[in-house]
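# Notes for the structure review
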Amino acid sequence: MKTRFNTYDIICMVAELQRLVGMRVNQVYDIDNKIYVIRFQRSEEKVVLLLESGNRFHTTQFEWPKNVAPSGFTMKLRKHLKNKRLESISQLGVDRIVALQFGSGEAAYHVVLELYDRGNIVLTDYEWTILNVLRPHVEGDKIRFAVKEKYPLDRAKTDYSAPNEEVLKEILSKSKPGDNLKKTLNPNLEFGAAVIDHVLLENGLTGNMKVNKEQGFLVDRDLDKLVKALKQAEHMLDSAKNTVAKGYIIQRREERPAAEGEAKFLLTNQEFHPVLFAQYTNQPFVELETFDRAVDEFFSALEGQKIDMKTVQMEREAMKKLQNVRKDHDKRVTELSRVQQDDRKKAELISRNETLVEHARMAIQTALANQMSWDNIGLLIKTAQDNKDPIASVIKQLKLNTNHITLLLSDPYDDQSDDDEDDDDKLDLKPMLVDIDLSLTAFANARRYYDQKRNAAKKQQKTIESADKALKSAERKTKQTLKEVQTISSISKARKTYWFEKFYWFISSDNYLVIAGRDQQQNEVLVKRHLRAGDLYVHADLSGASSVLVKAAGRAQPPPRTLAEAGQAAVGYSVAWEAKVLTRAWWVQAHQVSKSAPTGEYLTTGSFMIRGKKNYLLPDHLQFGFSFMFRLEDSCIERHRDERRAVAPEDASDVISDVTSAQDQDEEILVSDDDEPSDTEDSKKINRLESITEETTQIKIEDAPESEKESREETVGEAESSDDDSDSGVLHTHIKVDHGTGEVFTESKTRTISEMSDTSEDKFTFPALPKMTKKPQKREKKVPEPKEPKKEEKKETLKRGQRGKLKKIQKKYKNQDDEDRAVMMDMLQSSKESKESKKAQKKAAAKPSKSKAGQARAQRIPQPAPLLLEADSEEEIDPEIEQVEGADAAGADTDVELLAQLTGCPCAEDELLFAVPVVAPYSALVNYKYKVKLTPGTSKRGKAAKTAVQVFLRDKCGSARERDLLKAVKEENIARNFPGKVKLSAPQLHKHKK
């Protein structure tokens with residue numbers, strides 16, 4: 001297969017790409033360490049030029065996957081070429097070297113592309129001094145390709161003219177015996193092998209002709225034709241400099257064992273040329289309007305062609321297995337038929353030589369009865385054979401260890417049997433060796449062979465019957481394999497790699513895209529390239545953790561549920577996963593993230609400055625999930641439009657409660673492949689979580705007025721009852737204390753023990769700050785009416801366990817006032833609600849009377865959403881951010897439409913294109929069809945991923961199409977987003993393993 005340019009290709013491509021002269025460089029990217037793309041722009045026209053060291057250069061209309069972080073060589077090209085105009089593109093002499101000049105005068109820079117040997121790309125200044133080189137090396141003894149060296153322009157070849165007769169005679173005279181004409185000419189000419197073959201055929205010669213052979217090329221006879229042919233090649237190269245050539249892709253027909261109704265061959269691209277050469281006229285080819293387009297099509301189709309060839313190989317292997325089954329069947333049947341024929345012949349020969357066989361048997365038995373040794377018996381037989389004894393002459397071997405002798409028997413009635421027997425029953429009774437059992441008579445030996453023949457016939461019949469079933473089963477499996485191979489091939493071709501798949505990623509429960517960097521270098525790229533105004537930056541409270549972005553530009557502020565999931569991802573993709581330690585995360589707005597360090601400080605790769613207030617989230621369980629999302633066909637997208645919709649703040653509590661209960665229910669039926677932790681380990685974990693919670697929820701605020709402290713009403717989360725509670729359940733009490741009156745109100749709720757499994761980490765929840773009500777309105781003072789006690793509230797004295805909890809609450813929130821609660825809870829409210837300025841909040845918090853504050857606090861309810869804790873400093877939000885967010889609305893719509901193409905809950909009537917593996921916090925995958933839970937463990941990622949896929953494939957609810965899509969996912973893509981070593985939990989996991 002052709003993969004690099006020759007001289008003729010370079011001349012044609014340089015002539016065609018003259019249309020790029022005058023365009024300016026917009027950006028430079030690298031695809032890998034050898035392939036670079038330069039994006040040009042002129043007014044509304046945009047062109048992408050691709051350069052591959054050592055192989056090719058052409059424009060491309062396809063989207064090539066770029067490296068996440070640009071290489072140092074790419075950065076150097078960007079520095080010198082960006083916004084520069086392409087002044088010229090030319091070939092250095094007639095060599096396989098192309099030079100591109102950007103800018104003019106002393107501001108000019110040259111990019112030199114070498115298309116021979118191992119290739120190279122060199123950046124030079126206007127004086128051809130090397131500024132950077134892709135592959136530094138030394139050629140010969142003097143030519144160095146290194147920075148600050150001069151690029152050697154004089155080494156390029158300058159002439160490709162056809163040699164005269166004398167030069168040709170000298171070249172041909174140096175050929176080795178057996179060399180053909182093309183092999184002799186190609187190293188000494190600059191035309192290329194394809195052009196040489198073409199002109200030879202055009203002039204009555206062939207490249208395969210042997211030099212100086214009678215049946216080949218003779219100098220005296222064919223030299224004139226050769227001179228003419230090479231002149232024609234020179235003319236072809238001259239004319240190519242001034243014309244835009246068409247493009248031709250030469251193909252090859254690959255035979256394939258396809259299923260019925262499918263094509264029996266596959267066309268694969270082999271070569272690309274600017275002319276349809278004579279040697280390819282009888283082969284299939286594709287013609288395109290330009291050579292540039294043909295080269296682009298050729299190389300862009302290589303990946304798909306590799307998939308097709310792999311498919312053909314798998315088809316061939318499947319058919320080979322079927323053919324092996326058939327051959328094995330035929331071999332067994334043939335062998336059984338031969339055994340039957342041989343046994344019948346032996347039995348027939350024994351019957352016809354019954355007297356001879358009986359005498360030979362009796363002679364050996366007599367010798368044995370006389371207690372002769374086996375050696376003496378052998379000598380006796382040999383002596384008798386020397387004396388021409390007829391009985392001894394037929395004995396060929398003694399097998400006395402098995403009580404057998406071997407006789408050479410022939411048909412004594414050979415002439416008569418030819419006339420008497422029918423053609424159907426006629427046997428070819430040639431002399432053959434027959435084993436005789438000494439313990440059996442001649443007749444019994446014959447009967448033994450007939451029995452063997454009948455047994456072989458029965459075995460043959462059974463083999464044929466069973467083989468028919470085996471063949472049908474093998475054919476059915478082969479057809480199924482061919483069908484699956486075709487399906488996987490079509491899925492692989494339809495598979496689209498999304499831009500965010502190079503990062504850690506998932507889609508939150510509220511349909512926000514969350515992405516995270518895999519390492520510090522990706523963290524740098526993530527923030528620099530993908531952080532937009534309106535996005536949120538999330539990070540774990542650990543050094544070296546992944547930077548997490550919630551893509552919310554042009555959309556409403558992400559709900560607390562999305563923030564909690566992003567925070568969980570930030571902690572999971574850090575050292576906390578392997579250490580199995582919970583910690584908190586925090587988030588900030590996009591404008592608070594900066595790469596500029598304070599004076600005198602330096603920021604390493606992946607590090608950023610956070611200016612202003614950090615909003616802390618509660619620690620959450622280290623629980624991830626693994627699942628698959630399916631790409632929907634466009635007509636099916638509308639059916640799944642609202643399956644991941646954001647919830648209003650007032651509904652957040654119910655939604656999170658539902659999710660928690662769903663997780664609890666799921667956990668009750670989970671079976672893990674690892675040993676469950678003991679009760680002691682669980683209690684230690686809970687104690688550790690409680691200590692972390694205490695530390696996390698410390699809030700730095702100014703001391704509230706003493707009068708407000710006295711009238712403050714504390715809201716306490718769920719607290720366990722005292723030891724006096726019954727064993728059948730656990731009492732949870734909401735305690736409200738009015739410090740002004742000293743009255744205590746309690747609300748009790750009983751929960752059964754079965755609902756609080758001590759083996760599930762899901763059962764532990766953190767207390768949440770009360771939700772802030774809307775801004776209090778001014779009202780006229782009214783005479784307070786006596787309150788009617790609610791049915792569920794009753795006045796009672798504090799129990800022993802409740803007093804301890806109350807003291808902790810008083811100590812914990814003693815310095816917190818209404819203003820601080822308002823500031824913190826306002827961040828949790830939906831962006832749809834009207835935003836209040838801090839000045840208005842302070843004013844509103846200062847005016848309400850003690851009774852109004854008590855009424856407002858009485859209306860607050862516990863929020864299970866993530867808490868926002870005060871950070872080091874405060875910073876007013878830039879009012880221009882809203883304008884930027886509005887400008888990004890179009891991009892946000894594009895992201896929403898992109899996410900709408902993926903679903904985790906496919907319906908039976910959906911048309912699915914491909915599957916995408918996803919790893920996310922388990923709460924984001926609760927409604928997905930396929931899911932397993934991942935927690936920190938000891939199983940390696942690859943093994944756990946394979947087990948999970950097997951669980952999904954055995955799911956009875958899955959359709960055949962879904963299983964095909966799961967099988968088509970490459971193994972290397974399945975586990976790449978796992979946070980580390982995991983413990984896999986799934987329903988009936990042990991059953992699936994068995």
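Residues numbered from 1 in each chain as written. Predicted model: local features only at pLDDT ≥ 70, side-chain atom pairs only at ≥ 80, totals over all residues. Heavy atoms only, no water.

### Notes on the overall build of the protein chain
Counting secondary structure elements, the protein chain contains 29 helices and 36 strands. Here the protein chain holds 994 residues, and the buried ones make up 47% of them. Look at the contacts in the protein chain between residues 6 or more apart in sequence, and 71% of them connect residues 24 or more apart. Of the roughly 52,800 Å² that the protein chain leaves accessible, carbon and sulfur atoms contribute 48%. (Helix = DSSP H or I, 4+ residues; strand = E, 2+ residues; numbered from the N terminus. Buried < 20%, exposed > 50% of the residue type's maximum accessible area, 1.4 Å probe, protein only. Contact = heavy atoms within 4.5 Å. Areas by Shrake-Rupley, 256 points an atom, 1.4 Å probe, with all protein chains shown as cover.)

### Here's the deal with the sheet that holds strand 12 (residues 247-255)
Read from one edge of the open sheet, 3 strands run 13-12-14, paired in antiparallel fashion. Because the sheet does not close on itself, it has two edges, and the strands there are strand 13 (265-273) and strand 14 (285-288). This sheet shows a mean twist of 25° between the axes of neighbouring strands, independent of strand direction. Summarising the sheet, strand 12 and strand 13 pair through 8 bridges and their orientation is antiparallel. Each residue of the ladder has a partner; that of Arg-252, found in strand 13, is Thr-268. Its contacts with the sheet place helix 7 (residues 291-300) against strand 12, strand 13 and strand 14, and it is angled at close to 135° to strand 13. (Pairing = 2+ DSSP bridges. Axes fitted to C-alpha atoms, helices over the stretch in contact; angles between N-to-C directions.)

### So, helix 6 (residues 219-240)
Given a rise of 1.5 Å per residue, 22 residues ought to cover 32 Å, and the 30 Å separating the end C-alpha atoms of helix 6 matches this to within 8%. Looking only at helix 6, the buried set comprises Val-219, Asp-222, Leu-223, Leu-226, Val-227, Ala-229, Leu-230, Ala-233, Glu-234, Met-236, Leu-237 and Ala-240. Where helix 6 is buried, its residues touch helix 1 (7-16), helix 3 (165-173), helix 4 (181-185) and helix 5 (193-202). (Expected span 1.5 Å × (residues − 1).)

### With respect to empty space enclosed by the protein
One pass over the structure, following the stated rule, counts 2 cavities of 30 Å³ or more. Its volume calculated, the second largest cavity comes out at about 60 Å³. Residue composition of the lining of the second largest cavity, by class: 8 nonpolar, 3 polar and 1 charged. (1 Å grid on protein atoms, 1.4 Å probe; cavity = no way out; pocket = protein on both sides within 12 Å on 5 of 7 lines; lining within 4 Å. Points joined across faces, edges and corners; volume = space filled by probe spheres on them. Nonpolar A, V, L, I, M, F, W, Y, C, P; charged D, E, K, R; others polar.)

### What to know about the environment of Thr-355
Looking at the element boundaries, Thr-355 is found in helix 9 (residues 354-369). C-alpha of Thr-355 to C-alpha of Phe-443: the two residues are 88 residues apart in sequence and 10.0 Å apart in space.

### Examining the packing of helix 3 against helix 6
Two elements in contact, helix 3 and helix 6, have axes whose closest approach is 11 Å; the angle formed by their N-to-C orientations is 120°. At the point where helix 3 passes helix 6, the crossing takes the right-handed sense. Each of Glu-165, Leu-168, Lys-169 and Leu-172 in helix 3 lies in contact with helix 6, whose residues at this interface are Val-219, Leu-223, Asp-224, Leu-226, Val-227 and Leu-230. Classifying every residue of the contact of helix 3 with helix 6 by side-chain character gives 7 nonpolar, no polar and 3 charged. (Left-handed = near helix turned anticlockwise from the far one by under 90°.)

### Considering the environment of Met-362
On the secondary structure map, Met-362 appears in helix 9. Through-space distance from the C-alpha of Met-362 to that of Leu-438 is 8.2 Å; in sequence the pair is 76 residues apart.

### Some thoughts on the pattern of salt bridges
One pass over the full model with this rule turns up 38 salt bridges. Measuring nitrogen to oxygen at the nearest pair gives 2.6 Å for the salt bridge that ties Arg-144 to Glu-149. A relative accessible area of 29% means that Glu-149 is categorised as partly exposed. One salt-bridge network, in which partners are shared between bridges, spans Glu-114, Glu-139 and Arg-155. (Salt bridge = Lys/Arg side-chain N within 4 Å of Asp/Glu carboxyl O.)

### Things to note about the environment of Arg-39
Inspection of the secondary structure puts Arg-39 in strand 2 (residues 35-42). Spatially, the C-alpha atoms of Arg-39 and Thr-59 are 9.5 Å apart, while their sequence positions differ by 20 residues. When sequence neighbours within four positions are dropped, the list of residues in contact with Arg-39 reads Arg-24, Val-25, Asn-26, Gln-27, Tyr-29, Val-47 and Val-48. Within the structure, Arg-39 has its side chain in polar contact with the side chain of Tyr-29 (distance 3.3 Å). (Polar contact = N/O pair within 3.5 Å; in protein donor to acceptor, adjacent residues only side chain to side chain.)

### Here's the deal with the side chain of Asp-222
Following the sequence through the fold, Asp-222 ends up in helix 6. Not counting residues within four places of it along the chain, the set of residues in contact with Asp-222 comprises Leu-205, Met-209, Gly-216 and Phe-217.

### A closer look at the confidence of the model for the protein chain
Of all residues in the protein chain, 72% attain a pLDDT of 70 or more, and the chain-wide mean is 76. This stretch, residues 653-796, has a pLDDT under 50; its non-local contacts, to residues over four places away or in other chains, come to 265 contacts. Counting contacts from residues 830-887, a segment whose pLDDT is below 50, to residues more than four positions away or on other chains yields 103 contacts. (pLDDT = per-residue confidence, 0-100.)

### Brief notes about the packing of aromatic side chains
Taken as a whole, this structure holds 28 aromatic pairs when the rule is applied. A centroid spacing of 6.4 Å and a plane angle of 45° characterise the contact between Tyr-8 and Phe-277, whose relative ring orientation is tilted. Within this pair, whereas Tyr-8 is found in helix 1, its partner Phe-277 is found in the loop between strand 13 and strand 14, the two being separated by 269 residues in sequence. A single burial state applies to Tyr-8 and to Phe-277, both of which are buried. What links up through ring pairs into an aromatic cluster is the set Phe-5, Phe-57, Phe-272, Phe-291, Phe-298 and Phe-299. In this structure, Arg-448 is placed above the aromatic ring of Tyr-449, and the distance from its NZ or CZ to the ring centre is 4.7 Å. In this structure, Lys-933 packs its charged tip against the face of Tyr-922, placed 4.7 Å from the ring centre. (Phe/Tyr/Trp six-rings, centres within 6.5 Å; stacked < 30°, edge-to-face > 60°. Lys NZ or Arg CZ within 6 Å of the ring centre and 35° of its normal.)

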